[in-house]
Amino acid sequence: MKTDFIKITGLKKNFGDLEVLKGIDLTVAEKEVVVIIGPSGSGKSTLLRCINYLEEPTGGSIVFDDIPLNGEANINEVRKEVGMVFQRFNLFPHMTVLENLVLAPMKVRHMHRDEAEKIAKEYLTKVGLIEKSDAYPEQLSGGQQQRVAIARALCMRPKALLFDEPTSALDPEMINEVLDVMKSLANDGMTMVVVTHEMGFAREVGDRVLFVDGGYIVEQGTPDEVFSHPKEERTQSFLSKIL
Amino acid sequence: MNFNLEIITNAMPLLLAGAGITIEVSALSVGFGLAIGCIISLIRMTSIKPLRWFGNVYVDFIRGTPLLVQIFLVYFALPALIGHRVDAFFAAISACSINSGAYVAEIFRGGIQSIDKGQMEAGRSLGMTWWQTMRFIILPQAFKRIIPPLGNEFIAMLKDSSLVSVIGFEELTRRGQLIIARTYASFEIWLAVALIYLLMTFAVARLVSRLERRYDTSR
(Lines give C-alpha, C1' and ligand atoms only; values in the text may rest on other atoms or scores of the structure.)
Protein backbone atom coordinates (compact mmCIF):
# COMPACT_ATOMS: atom_id res chain seq x y z
CA MET A 1 0.00 0.00 0.00
CA LYS A 2 1.40 3.37 -1.02
CA THR A 3 1.35 6.18 1.49
CA ASP A 4 -0.51 9.42 0.88
CA PHE A 5 1.76 12.32 0.18
CA ILE A 6 -0.65 15.14 -0.59
CA LYS A 7 -4.08 15.19 1.00
CA ILE A 8 -6.47 17.95 -0.02
CA THR A 9 -9.86 18.28 1.64
CA GLY A 10 -12.69 20.64 0.74
CA LEU A 11 -10.43 23.05 -1.11
CA LYS A 12 -12.18 26.27 -2.13
CA LYS A 13 -10.88 29.31 -3.92
CA ASN A 14 -12.71 32.52 -4.76
CA PHE A 15 -11.41 35.44 -6.77
CA GLY A 16 -13.67 38.17 -5.47
CA ASP A 17 -17.19 36.97 -6.18
CA LEU A 18 -16.03 34.35 -8.63
CA GLU A 19 -15.90 30.84 -7.19
CA VAL A 20 -13.18 29.03 -9.07
CA LEU A 21 -12.81 25.95 -6.87
CA LYS A 22 -15.96 24.83 -5.13
CA GLY A 23 -14.72 22.00 -2.95
CA ILE A 24 -11.96 19.72 -4.14
CA ASP A 25 -10.97 16.51 -2.37
CA LEU A 26 -7.82 14.94 -3.73
CA THR A 27 -5.25 12.56 -2.39
CA VAL A 28 -1.98 11.93 -4.15
CA ALA A 29 0.01 8.89 -3.14
CA GLU A 30 3.77 8.72 -3.06
CA LYS A 31 5.19 8.01 -6.54
CA GLU A 32 1.81 8.54 -8.13
CA VAL A 33 1.42 10.55 -11.34
CA VAL A 34 -1.86 12.43 -11.33
CA VAL A 35 -2.85 14.20 -14.53
CA ILE A 36 -5.46 16.95 -14.39
CA ILE A 37 -7.37 17.73 -17.56
CA GLY A 38 -10.29 20.02 -18.23
CA PRO A 39 -11.47 22.97 -20.30
CA SER A 40 -9.77 26.33 -19.85
CA GLY A 41 -11.24 28.29 -16.98
CA SER A 42 -12.21 25.08 -15.22
CA GLY A 43 -9.93 25.83 -12.26
CA LYS A 44 -7.28 23.20 -12.92
CA SER A 45 -4.34 25.64 -12.84
CA THR A 46 -5.79 27.35 -9.80
CA LEU A 47 -6.02 23.97 -8.08
CA LEU A 48 -2.35 23.31 -8.79
CA ARG A 49 -1.33 26.80 -7.66
CA CYS A 50 -3.26 26.41 -4.41
CA ILE A 51 -1.30 23.26 -3.61
CA ASN A 52 1.90 25.25 -3.00
CA TYR A 53 0.09 28.40 -1.94
CA LEU A 54 0.93 30.58 -4.94
CA GLU A 55 -2.79 31.20 -4.64
CA GLU A 56 -4.09 31.37 -1.10
CA PRO A 57 -7.03 28.98 -0.76
CA THR A 58 -10.29 30.47 0.50
CA GLY A 59 -11.18 27.33 2.41
CA GLY A 60 -10.29 23.71 2.99
CA SER A 61 -7.11 22.03 4.11
CA ILE A 62 -3.95 20.75 2.50
CA VAL A 63 -1.66 18.27 4.22
CA PHE A 64 1.77 17.34 2.92
CA ASP A 65 3.50 14.30 4.23
CA ASP A 66 1.47 14.64 7.46
CA ILE A 67 2.33 18.36 7.81
CA PRO A 68 -0.77 20.58 7.60
CA LEU A 69 -0.15 23.62 5.47
CA ASN A 70 -0.96 26.80 7.36
CA GLY A 71 -0.13 29.69 5.12
CA GLU A 72 2.97 31.82 5.41
CA ALA A 73 3.92 30.10 8.67
CA ASN A 74 5.37 26.97 7.08
CA ILE A 75 4.92 27.51 3.38
CA ASN A 76 8.64 27.73 2.69
CA GLU A 77 9.17 24.38 4.41
CA VAL A 78 6.62 22.80 2.11
CA ARG A 79 7.87 24.52 -1.03
CA LYS A 80 11.33 23.07 -0.44
CA GLU A 81 9.78 19.65 -0.85
CA VAL A 82 7.36 20.42 -3.67
CA GLY A 83 8.83 21.85 -6.87
CA MET A 84 6.87 23.64 -9.55
CA VAL A 85 7.29 23.90 -13.31
CA PHE A 86 5.50 26.78 -15.00
CA GLN A 87 3.90 27.21 -18.38
CA ARG A 88 6.22 30.10 -19.19
CA PHE A 89 9.35 28.51 -17.65
CA ASN A 90 10.14 31.57 -15.50
CA LEU A 91 13.87 31.08 -15.62
CA PHE A 92 15.91 33.93 -14.15
CA PRO A 93 17.06 35.81 -17.26
CA HIS A 94 19.99 37.59 -15.59
CA MET A 95 21.68 34.35 -14.58
CA THR A 96 23.36 31.55 -16.49
CA VAL A 97 21.72 28.15 -16.57
CA LEU A 98 24.04 26.90 -13.84
CA GLU A 99 23.35 29.95 -11.64
CA ASN A 100 19.62 29.37 -12.10
CA LEU A 101 20.08 25.87 -10.75
CA VAL A 102 22.34 26.51 -7.77
CA LEU A 103 20.64 29.63 -6.37
CA ALA A 104 17.84 28.04 -4.35
CA PRO A 105 19.87 25.04 -3.08
CA MET A 106 22.48 27.49 -1.78
CA LYS A 107 20.06 30.04 -0.30
CA VAL A 108 17.36 27.71 0.96
CA ARG A 109 19.15 24.45 1.69
CA HIS A 110 22.37 26.30 2.64
CA MET A 111 24.35 24.02 0.41
CA HIS A 112 27.96 24.74 -0.39
CA ARG A 113 28.50 25.97 -3.95
CA ASP A 114 30.59 22.92 -4.91
CA GLU A 115 27.90 20.57 -3.78
CA ALA A 116 25.11 22.59 -5.40
CA GLU A 117 27.01 22.67 -8.70
CA LYS A 118 27.61 18.95 -8.54
CA ILE A 119 23.89 18.31 -8.15
CA ALA A 120 23.06 20.89 -10.83
CA LYS A 121 25.37 19.23 -13.32
CA GLU A 122 23.89 15.86 -12.52
CA TYR A 123 20.40 17.11 -13.40
CA LEU A 124 21.56 19.09 -16.42
CA THR A 125 23.01 15.86 -17.72
CA LYS A 126 19.72 14.14 -17.00
CA VAL A 127 17.76 16.67 -19.08
CA GLY A 128 20.46 16.57 -21.75
CA LEU A 129 21.69 20.15 -21.44
CA ILE A 130 25.01 19.92 -19.65
CA GLU A 131 26.71 21.73 -22.52
CA LYS A 132 24.42 24.74 -21.91
CA SER A 133 25.59 25.33 -18.33
CA ASP A 134 27.06 28.73 -19.09
CA ALA A 135 24.38 29.90 -21.52
CA TYR A 136 21.78 32.49 -20.60
CA PRO A 137 18.10 31.51 -20.81
CA GLU A 138 17.41 33.77 -23.80
CA GLN A 139 20.00 31.82 -25.79
CA LEU A 140 17.97 28.62 -25.41
CA SER A 141 14.92 27.40 -27.29
CA GLY A 142 11.62 27.12 -25.46
CA GLY A 143 11.99 23.38 -25.07
CA GLN A 144 15.49 23.75 -23.69
CA GLN A 145 14.34 26.46 -21.28
CA GLN A 146 11.61 24.22 -19.96
CA ARG A 147 14.06 21.35 -19.47
CA VAL A 148 16.31 23.73 -17.52
CA ALA A 149 13.29 24.77 -15.46
CA ILE A 150 12.61 21.12 -14.63
CA ALA A 151 16.27 20.62 -13.69
CA ARG A 152 16.07 23.73 -11.51
CA ALA A 153 13.11 22.30 -9.63
CA LEU A 154 14.89 18.95 -9.27
CA CYS A 155 18.00 20.55 -7.76
CA MET A 156 16.03 21.15 -4.56
CA ARG A 157 15.60 17.36 -4.41
CA PRO A 158 11.85 17.70 -4.00
CA LYS A 159 9.56 14.87 -2.99
CA ALA A 160 6.94 15.93 -5.51
CA LEU A 161 6.69 18.12 -8.60
CA LEU A 162 3.78 20.20 -9.84
CA PHE A 163 3.56 20.92 -13.57
CA ASP A 164 1.35 23.81 -14.72
CA GLU A 165 0.73 23.25 -18.44
CA PRO A 166 4.45 22.72 -19.05
CA THR A 167 4.17 22.35 -22.81
CA SER A 168 1.47 24.92 -23.60
CA ALA A 169 3.89 27.72 -24.43
CA LEU A 170 6.08 25.54 -26.66
CA ASP A 171 6.28 25.18 -30.40
CA PRO A 172 4.93 21.78 -31.43
CA GLU A 173 8.32 20.34 -32.37
CA MET A 174 9.64 21.00 -28.86
CA ILE A 175 6.84 19.41 -26.90
CA ASN A 176 8.20 15.88 -27.02
CA GLU A 177 11.63 16.70 -25.62
CA VAL A 178 9.92 18.08 -22.52
CA LEU A 179 7.43 15.22 -22.26
CA ASP A 180 10.29 12.73 -22.54
CA VAL A 181 12.01 14.29 -19.54
CA MET A 182 8.73 14.14 -17.61
CA LYS A 183 8.24 10.49 -18.56
CA SER A 184 11.67 9.55 -17.32
CA LEU A 185 10.96 11.36 -14.02
CA ALA A 186 7.75 9.38 -13.68
CA ASN A 187 9.67 6.17 -14.35
CA ASP A 188 12.15 7.13 -11.62
CA GLY A 189 9.25 7.26 -9.19
CA MET A 190 8.75 11.01 -8.79
CA THR A 191 5.38 12.02 -7.34
CA MET A 192 3.84 14.30 -9.94
CA VAL A 193 0.71 16.39 -10.40
CA VAL A 194 0.44 17.54 -13.99
CA VAL A 195 -2.03 19.97 -15.52
CA THR A 196 -1.84 19.45 -19.25
CA HIS A 197 -3.59 19.35 -22.58
CA GLU A 198 -1.34 16.53 -23.79
CA MET A 199 -3.78 13.65 -23.80
CA GLY A 200 -1.19 11.22 -25.17
CA PHE A 201 1.02 11.93 -22.17
CA ALA A 202 -1.93 11.63 -19.77
CA ARG A 203 -2.86 8.25 -21.19
CA GLU A 204 0.66 6.87 -21.31
CA VAL A 205 2.20 8.21 -18.10
CA GLY A 206 -0.70 9.01 -15.78
CA ASP A 207 -1.57 6.60 -13.00
CA ARG A 208 -4.79 8.51 -12.53
CA VAL A 209 -6.58 11.11 -14.62
CA LEU A 210 -8.81 13.79 -13.13
CA PHE A 211 -11.32 15.67 -15.21
CA VAL A 212 -11.98 19.07 -13.64
CA ASP A 213 -14.79 21.35 -14.73
CA GLY A 214 -16.73 24.17 -13.09
CA GLY A 215 -14.63 24.06 -9.93
CA TYR A 216 -15.22 20.37 -9.16
CA ILE A 217 -13.52 17.10 -9.95
CA VAL A 218 -16.18 15.74 -12.28
CA GLU A 219 -14.65 12.36 -12.88
CA GLN A 220 -11.49 10.45 -12.10
CA GLY A 221 -10.00 7.06 -12.75
CA THR A 222 -7.27 5.26 -14.62
CA PRO A 223 -6.45 6.74 -18.04
CA ASP A 224 -8.30 3.86 -19.65
CA GLU A 225 -11.44 4.46 -17.59
CA VAL A 226 -11.52 8.20 -18.23
CA PHE A 227 -10.47 8.23 -21.88
CA SER A 228 -12.10 5.05 -23.16
CA HIS A 229 -15.15 4.73 -20.92
CA PRO A 230 -16.02 8.17 -19.51
CA LYS A 231 -19.12 7.96 -17.34
CA GLU A 232 -20.04 11.61 -17.05
CA GLU A 233 -21.65 13.49 -19.88
CA ARG A 234 -19.39 16.55 -19.39
CA THR A 235 -16.30 14.37 -19.65
CA GLN A 236 -17.63 12.77 -22.81
CA SER A 237 -18.38 16.09 -24.42
CA PHE A 238 -14.95 17.53 -23.48
CA LEU A 239 -13.10 14.49 -24.80
CA SER A 240 -15.11 14.43 -28.01
CA LYS A 241 -13.95 17.97 -28.70
CA ILE A 242 -10.25 17.38 -28.18
CA LEU A 243 -9.57 13.77 -29.21
CA MET B 1 24.91 96.12 -25.91
CA ASN B 2 28.59 95.31 -25.54
CA PHE B 3 29.50 91.71 -25.06
CA ASN B 4 32.37 91.60 -22.61
CA LEU B 5 34.25 88.30 -22.83
CA GLU B 6 36.71 89.38 -20.21
CA ILE B 7 34.02 89.44 -17.56
CA ILE B 8 33.28 85.82 -18.29
CA THR B 9 36.92 84.71 -18.15
CA ASN B 10 37.38 86.61 -14.90
CA ALA B 11 34.25 85.09 -13.41
CA MET B 12 35.02 81.57 -14.62
CA PRO B 13 37.03 80.32 -11.61
CA LEU B 14 34.26 81.38 -9.25
CA LEU B 15 31.55 79.94 -11.48
CA LEU B 16 33.37 76.63 -11.92
CA ALA B 17 33.85 76.34 -8.18
CA GLY B 18 30.10 76.93 -7.91
CA ALA B 19 29.48 74.22 -10.50
CA GLY B 20 31.55 71.87 -8.34
CA ILE B 21 29.28 72.64 -5.41
CA THR B 22 26.21 72.09 -7.62
CA ILE B 23 27.56 68.66 -8.54
CA GLU B 24 28.32 67.92 -4.91
CA VAL B 25 24.82 68.89 -3.74
CA SER B 26 23.19 66.92 -6.57
CA ALA B 27 25.31 63.81 -6.10
CA LEU B 28 24.82 63.78 -2.33
CA SER B 29 21.09 64.40 -2.71
CA VAL B 30 20.58 61.68 -5.29
CA GLY B 31 22.84 59.38 -3.23
CA PHE B 32 20.77 59.88 -0.08
CA GLY B 33 17.69 59.93 -2.28
CA LEU B 34 18.61 56.45 -3.53
CA ALA B 35 18.80 55.11 0.00
CA ILE B 36 15.56 56.84 1.01
CA GLY B 37 13.82 55.81 -2.20
CA CYS B 38 14.87 52.20 -1.83
CA ILE B 39 13.52 52.02 1.72
CA ILE B 40 10.31 53.88 0.84
CA SER B 41 9.60 51.69 -2.17
CA LEU B 42 10.12 48.53 -0.10
CA ILE B 43 7.89 49.67 2.76
CA ARG B 44 5.20 50.58 0.24
CA MET B 45 5.18 46.93 -0.83
CA THR B 46 4.95 45.38 2.65
CA SER B 47 1.76 44.14 4.19
CA ILE B 48 2.27 46.32 7.29
CA LYS B 49 -0.37 49.01 6.89
CA PRO B 50 1.08 51.93 8.93
CA LEU B 51 4.40 51.60 7.08
CA ARG B 52 2.68 51.50 3.73
CA TRP B 53 0.57 54.48 4.70
CA PHE B 54 3.65 56.45 5.73
CA GLY B 55 5.34 55.62 2.43
CA ASN B 56 2.34 56.75 0.42
CA VAL B 57 1.91 60.00 2.35
CA TYR B 58 5.61 60.75 1.98
CA VAL B 59 5.61 60.28 -1.77
CA ASP B 60 2.32 62.16 -2.26
CA PHE B 61 3.44 65.10 -0.11
CA ILE B 62 6.82 65.52 -1.79
CA ARG B 63 5.53 65.09 -5.30
CA GLY B 64 2.58 67.37 -4.61
CA THR B 65 4.53 70.36 -3.29
CA PRO B 66 7.20 72.53 -4.95
CA LEU B 67 10.84 71.87 -4.12
CA LEU B 68 11.22 75.58 -3.41
CA VAL B 69 8.60 75.36 -0.66
CA GLN B 70 10.28 72.24 0.72
CA ILE B 71 13.55 74.14 0.93
CA PHE B 72 11.79 76.96 2.81
CA LEU B 73 10.22 74.42 5.13
CA VAL B 74 13.60 72.99 6.09
CA TYR B 75 15.46 76.31 6.24
CA PHE B 76 12.85 78.61 7.80
CA ALA B 77 10.07 76.48 9.29
CA LEU B 78 12.19 73.76 10.88
CA PRO B 79 14.27 76.24 12.99
CA ALA B 80 11.03 77.69 14.38
CA LEU B 81 10.08 74.16 15.41
CA ILE B 82 13.40 73.00 16.90
CA GLY B 83 14.49 76.37 18.30
CA HIS B 84 17.81 76.94 16.58
CA ARG B 85 18.87 77.83 13.10
CA VAL B 86 19.73 75.38 10.37
CA ASP B 87 22.93 75.55 8.37
CA ALA B 88 22.33 76.37 4.67
CA PHE B 89 24.36 73.37 3.49
CA PHE B 90 22.41 71.02 5.73
CA ALA B 91 19.11 72.55 4.60
CA ALA B 92 20.05 72.28 0.93
CA ILE B 93 21.19 68.67 1.15
CA SER B 94 18.32 67.47 3.29
CA ALA B 95 15.59 69.21 1.29
CA CYS B 96 16.99 67.90 -2.00
CA SER B 97 17.55 64.39 -0.61
CA ILE B 98 14.05 64.14 0.80
CA ASN B 99 12.71 65.43 -2.50
CA SER B 100 14.81 63.07 -4.58
CA GLY B 101 13.86 60.13 -2.34
CA ALA B 102 10.21 60.40 -3.32
CA TYR B 103 10.96 60.42 -7.04
CA VAL B 104 13.50 57.61 -6.71
CA ALA B 105 10.90 55.58 -4.78
CA GLU B 106 8.56 55.90 -7.74
CA ILE B 107 11.36 54.91 -10.12
CA PHE B 108 12.13 51.83 -8.02
CA ARG B 109 8.49 50.89 -7.82
CA GLY B 110 8.12 51.16 -11.58
CA GLY B 111 11.25 49.07 -12.11
CA ILE B 112 10.14 46.37 -9.70
CA GLN B 113 6.61 46.24 -11.08
CA SER B 114 7.96 45.90 -14.61
CA ILE B 115 9.49 42.52 -13.72
CA ASP B 116 7.26 39.62 -14.72
CA LYS B 117 5.16 38.25 -11.86
CA GLY B 118 6.36 34.76 -12.78
CA GLN B 119 9.83 35.64 -11.46
CA MET B 120 8.55 36.13 -7.92
CA GLU B 121 6.47 32.96 -8.23
CA ALA B 122 9.44 30.96 -9.48
CA GLY B 123 11.60 32.17 -6.61
CA ARG B 124 8.93 31.50 -4.00
CA SER B 125 8.10 28.10 -5.45
CA LEU B 126 11.73 27.09 -4.86
CA GLY B 127 11.29 27.85 -1.17
CA MET B 128 13.02 31.22 -1.14
CA THR B 129 11.55 33.92 1.09
CA TRP B 130 10.00 37.09 -0.32
CA TRP B 131 13.11 39.05 0.62
CA GLN B 132 15.53 36.49 -0.87
CA THR B 133 13.59 36.51 -4.12
CA MET B 134 13.57 40.30 -4.10
CA ARG B 135 17.28 40.52 -3.47
CA PHE B 136 18.62 37.85 -5.80
CA ILE B 137 16.04 37.83 -8.58
CA ILE B 138 13.81 40.90 -8.79
CA LEU B 139 16.12 43.76 -7.76
CA PRO B 140 19.08 42.81 -10.00
CA GLN B 141 16.74 42.75 -12.99
CA ALA B 142 14.92 45.93 -11.93
CA PHE B 143 18.22 47.73 -11.39
CA LYS B 144 19.11 47.46 -15.06
CA ARG B 145 15.80 48.97 -16.07
CA ILE B 146 16.00 51.91 -13.69
CA ILE B 147 19.39 53.19 -14.82
CA PRO B 148 17.89 55.52 -17.47
CA PRO B 149 15.23 57.06 -15.20
CA LEU B 150 17.78 57.39 -12.38
CA GLY B 151 20.05 59.24 -14.79
CA ASN B 152 17.18 61.55 -15.62
CA GLU B 153 16.59 62.09 -11.92
CA PHE B 154 20.22 63.09 -11.46
CA ILE B 155 19.98 65.50 -14.40
CA ALA B 156 16.79 66.98 -12.97
CA MET B 157 18.52 67.40 -9.62
CA LEU B 158 21.50 69.17 -11.22
CA LYS B 159 19.09 71.77 -12.56
CA ASP B 160 16.68 71.92 -9.61
CA SER B 161 19.50 72.37 -7.11
CA SER B 162 19.69 75.93 -8.45
CA LEU B 163 16.68 76.57 -6.18
CA VAL B 164 18.86 76.35 -3.07
CA SER B 165 20.38 79.67 -4.17
CA VAL B 166 17.36 81.32 -2.53
CA ILE B 167 18.62 80.42 0.93
CA GLY B 168 21.99 81.91 0.11
CA PHE B 169 23.73 78.60 -0.49
CA GLU B 170 26.54 79.38 -2.92
CA GLU B 171 26.20 76.92 -5.71
CA LEU B 172 26.47 77.83 -9.39
CA THR B 173 23.33 79.97 -9.72
CA ARG B 174 23.98 81.87 -6.49
CA ARG B 175 27.58 82.54 -7.58
CA GLY B 176 26.21 83.96 -10.82
CA GLN B 177 23.85 86.27 -8.94
CA LEU B 178 26.65 87.50 -6.69
CA ILE B 179 28.97 88.23 -9.61
CA ILE B 180 26.21 90.14 -11.42
CA ALA B 181 25.58 92.18 -8.28
CA ARG B 182 29.20 93.29 -8.50
CA THR B 183 29.65 93.65 -12.29
CA TYR B 184 26.11 94.28 -13.62
CA ALA B 185 27.03 91.99 -16.54
CA SER B 186 23.85 89.98 -16.38
CA PHE B 187 23.82 88.87 -20.04
CA GLU B 188 27.37 87.46 -20.00
CA ILE B 189 27.10 85.80 -16.63
CA TRP B 190 23.68 84.18 -17.11
CA LEU B 191 24.80 82.92 -20.50
CA ALA B 192 27.93 81.42 -18.92
CA VAL B 193 25.89 79.89 -16.09
CA ALA B 194 23.43 78.36 -18.57
CA LEU B 195 26.26 76.89 -20.65
CA ILE B 196 27.90 75.34 -17.61
CA TYR B 197 24.59 73.70 -16.64
CA LEU B 198 24.20 72.47 -20.20
CA LEU B 199 27.69 71.01 -20.18
CA MET B 200 27.03 69.17 -16.93
CA THR B 201 23.69 67.72 -17.93
CA PHE B 202 25.04 66.72 -21.33
CA ALA B 203 27.98 64.90 -19.74
CA VAL B 204 25.70 63.03 -17.36
CA ALA B 205 23.35 62.07 -20.19
CA ARG B 206 26.27 60.60 -22.13
CA LEU B 207 27.50 58.72 -19.08
CA VAL B 208 24.07 57.23 -18.47
CA SER B 209 23.69 56.01 -22.02
CA ARG B 210 27.10 54.35 -21.79
CA LEU B 211 26.13 52.63 -18.54
CA GLU B 212 22.90 51.54 -20.14
CA ARG B 213 24.71 49.91 -23.04
CA ARG B 214 27.19 48.17 -20.77
CA TYR B 215 24.51 46.62 -18.60
CA ASP B 216 22.58 45.59 -21.64
CA THR B 217 25.32 43.45 -23.11
CA SER B 218 26.52 41.85 -19.90
CA ARG B 219 22.97 41.38 -18.60
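With respect to the packing of helix α1 (residues 5–43) of chain B against helix α7 (residues 172–183) of chain B
Residue and element names in this part refer to chain B.
- Where α1 contacts α7, the two axes come as close as 8 Å, and the packing angle between them is 155 degrees. Relative to α7, the element α1 lies roughly antiparallel. Where α1 crosses over α7, the two elements pack in a sense that is right-handed. Residues Ile7, Ala11, Leu14, Leu15, Ala17, Gly18, Ala19, Ile21 and Thr22 of α1 lie in contact with α7, whose contacting residues are Leu172, Arg175, Gly176, Ile179, Arg182 and Thr183.
- Classifying every residue of the contact of α1 with α7 gives nine nonpolar, four polar and two charged.

A word on the pairing of strand β6 (residues 82–85) of chain A
All names here are of chain A.
- Burial along β6 is two-sided: Val82 and Met84 and Gly83 and Val85, pointing in opposite directions, are all buried.
- Pairing of β6 with strand β7 (residues 160–164) involves four bridges; the strand directions are parallel. The residue of β7 that forms the bridge with Met84 is Leu162.

So, the confidence of the model for chain A
- Averaged over chain A, the pLDDT score is 93; the fraction of residues at 70 or greater is 99%.
- Ranking the elements of chain A by mean pLDDT puts strand β5 (residues 67–68) of chain A last with 84 and helix α3 (residues 97–107) of chain A first with 97.

Things to note about the interface of chain B and chain A
- Between chain B and chain A, the residue contacts involve 19 residues of the former and 26 residues of the latter.
- Both faces considered, chain B and chain A share a buried interface measuring about 1,900 Å² in area, 57% of it formed by carbon and sulfur atoms.
- Where chain B packs against chain A, one counts one salt bridge.
- The partner of Glu121(B) in a salt bridge is Arg49(A), and the shortest N-O contact between them spans 2.6 Å.
- Between chain B and chain A we count six residue pairs in polar contact (both at pLDDT 80 or more) in total.

Cut-offs and rules
- Residues numbered from 1 in each chain as written.
- Chains lettered and ligands numbered in written order.
- Predicted model: local features only at pLDDT ≥ 70, side-chain atom pairs only at ≥ 80, totals over all residues.
- Heavy atoms only, no water.
- Axes fitted to C-alpha atoms, helices over the stretch in contact; angles between N-to-C directions.
- Helix = DSSP H or I, 4+ residues; strand = E, 2+ residues; numbered from the N terminus.
- Parallel < 35°, antiparallel > 145°, perpendicular 65-115°, else oblique.
- Left-handed = near helix turned anticlockwise from the far one by under 90°.
- Contact = heavy atoms within 4.5 Å.
- Nonpolar A, V, L, I, M, F, W, Y, C, P; charged D, E, K, R; others polar.
- Buried < 20%, exposed > 50% of the residue type's maximum accessible area, 1.4 Å probe, protein only.
- Pairing = 2+ DSSP bridges.
- pLDDT = per-residue confidence, 0-100.
- Buried area = accessible area lost by both parts, 1.4 Å probe.
- Salt bridge = Lys/Arg side-chain N within 4 Å of Asp/Glu carboxyl O.
- Polar contact = N/O pair within 3.5 Å; in protein donor to acceptor, adjacent residues only side chain to side chain.

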